[in-house]
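Below, each chain spelled out in residue letters.
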Amino acid sequence: QVQLVESGGGLVQPGGSLRLSCAASGFTFSTYAMSWYRQAPGKERELVARRPSIGATTYADFVKGRFTISRDNAKNTVYLQMNSLKSEDTAVYYCQAMGRSGYRYWGQGTQVTVSS
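The following refers to the structure shown.

Criteria and thresholds
Residues numbered from 1 in each chain as written. Predicted model: local features only at pLDDT ≥ 70, side-chain atom pairs only at ≥ 80, totals over all residues. Heavy atoms only, no water. Helix = DSSP H or I, 4+ residues; strand = E, 2+ residues; numbered from the N terminus. Buried < 20%, exposed > 50% of the residue type's maximum accessible area, 1.4 Å probe, protein only. Contact = heavy atoms within 4.5 Å. Pairing = 2+ DSSP bridges. Axes fitted to C-alpha atoms, helices over the stretch in contact; angles between N-to-C directions. Disulfide = S-S within 2.5 Å. Salt bridge = Lys/Arg side-chain N within 4 Å of Asp/Glu carboxyl O.

## As for the environment of glutamine 1
- Positionally, glutamine 1 belongs in the segment before strand S1 (3-7).
- Its relative accessible area of 82% is what places glutamine 1 among the exposed residues.
- Sequence separation between glutamine 1 and phenylalanine 27 is 26 residues; the distance between their C-alpha atoms is 7.9 Å.
- Once residues lying within four places of it in the same chain are set aside, the contact partners of glutamine 1 are Ser25 and Gly26.

## Section: the sheet that holds strand S3 (residues 18-25)
- With antiparallel pairing, four strands are arranged side by side in an open sheet as S1-S3-S8-S7. One side of each edge strand has no neighbouring strand; the edge strands of this open sheet are S1 and strand S7 (67-72). Averaged over all adjacent pairs, the angle separating strand axes in this sheet is 15°, with direction ignored.
- The pairing of S1 with S3 spans five bridges and is classified as antiparallel. Its bridge partner lying in S3, glutamine 3 is registered against serine 25.

## Structural notes on the environment of serine 7
- Of note, serine 7 is situated in strand S1.
- Note on serine 7: relative accessible area 38%, which makes it partly exposed.
- C-alpha of serine 7 to C-alpha of glutamine 111: the two residues are 104 residues apart in sequence and 9.0 Å apart in space.
- In contact with serine 7, not counting residues within four places along its chain, are Arg19, Leu20, Ser21 and Thr110.

## Quick word on the state of the cysteines
- Within the structure shown, the criterion is met by one disulfide.
- Disulfide pairing is shown between cysteine 22 and cysteine 95; the S-S distance is 2.1 Å. Handedness here is read from the sign of the S-S torsion; for cysteine 22 and cysteine 95, about -80°, the answer is left-handed. Of this pair, cysteine 22 sits in strand S3 while cysteine 95 sits in strand S9 (residues 91-98), and the two are 73 residues apart along the sequence.
- Overall, the relative accessible area of 0% leaves cysteine 22 in the buried class.
- Given a relative accessible area of 0%, cysteine 95 falls into the buried group.

## Quick look at the pattern of salt bridges
- Inspection of the entire model under this criterion finds four salt bridges.
- Residue arginine 38 is joined to aspartate 89 by a salt bridge in which the shortest nitrogen-to-oxygen separation is 2.9 Å. Remark: aspartate 89 occurs in the loop between strand S8 (77-82) and S9 and arginine 38 occurs in strand S4 (residues 33-39); sequence separation between them is 51 residues. Side by side, arginine 38 and aspartate 89 carry an identical accessibility label, which is buried.
- In this structure, lysine 64 engages aspartate 61 in a salt bridge whose closest nitrogen and oxygen atoms are separated by 3.2 Å. Aspartate 61 shares its class with lysine 64; the two are exposed.
- Via salt bridges that share partners, Arg38, Glu46, Arg66 and Asp89 belong to a single interconnected network.

This is the structure:
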């Protein structure tokens, strides 16, 4: 059974940092592209960053230079380091795993709130 469990969300002040984690199980983690998406209230879910099993990492323009996605295949975990957070980064952040077939799995999401 595939599971993606996000953690690390919370309330942070503007300019602060958070590190999200997504622990994966039930599939061959190292062969899957791992991504972080986010969804703000009233908005569509959008890609934040993608780290494929091989190849280049992709970032949305709105997080370039502030967020870093990384993965630890030995721990079956993907991370999202978020620095210089802004109020507009407030959203539920979701972890996604996508296999070579294109099938996608999602985590349950973790809330990130940036507010003073």
